[in-house]
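Residues per chain, in single letters:
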Amino acid sequence: QVQLVESGGGLVQAGGSLRLSCAASGESTVCISAMNWYRQAPGKERELVAVIYSGGSSNYADSVKGRFTISRDNAKNTLYLQMNTLEPEDTAVYYCNADTVAGYRGSYFCITKAYWGQGTQVSVSS
């Protein structure tokens, strides 16, 4: 299994910055391929914000390009989202998720599964 624990959410004024963290633990962390940040605002569908692949490449939603940066520390099994120039429209619950992929990692056999964090509230005031 993989357990995801988020931190870093809070309330910030427009134009400010926040850094979200999501620490992954559990024996299946060896199976993680891509890691992602999603967000969901009240009354809206959950939206993919950013994705980072095991090789380090990343993609972003158009609404956050140039403002947000996703990164991961594989040694610490931690995912980050640096959020700059925050806008009120960024207000949402942010979720990290980790995707495992089936196959052997040494002698450990992985399954394909998506794991989710508990979510952390980001509120941006004007």
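Read on for an overview of the structure. (Residues numbered from 1 in each chain as written. Predicted model: local features only at pLDDT ≥ 70, side-chain atom pairs only at ≥ 80, totals over all residues. Heavy atoms only, no water.)

Let us now look at the state of the cysteines. Using the criterion set out here, one finds two disulfides in the structure. Each disulfide pairs two cysteine sulfurs, and for C22 the partner residue is C96, the sulfurs being separated by 1.9 Å. Of the two residues, C22 is situated in strand β3 (residues 18-25) and C96 in strand β9 (residues 92-100); the sequence distance between them amounts to 74 residues. No difference in accessibility class separates C22 from C96, as the two residues are buried. (Disulfide = S-S within 2.5 Å. Helix = DSSP H or I, 4+ residues; strand = E, 2+ residues; numbered from the N terminus. Buried < 20%, exposed > 50% of the residue type's maximum accessible area, 1.4 Å probe, protein only.)

What follows is about the pairing of strand β4 (residues 32-40). The pairing of β4 with β9 spans seven bridges and is antiparallel. Within the sheet, the bridge partner assigned to Q40 lies in β9 and is V93. Where β4 meets strand β5 (residues 47-52), five bridges bridge the pair, whose relative direction is antiparallel. The residue of β5 that forms the bridge with Y38 is L48. Hairpin connection between β4 and β5: a loop of six residues separates the two successive antiparallel strands, and G43 in this loop has a positive phi of roughly 75 degrees. (Pairing = 2+ DSSP bridges.)

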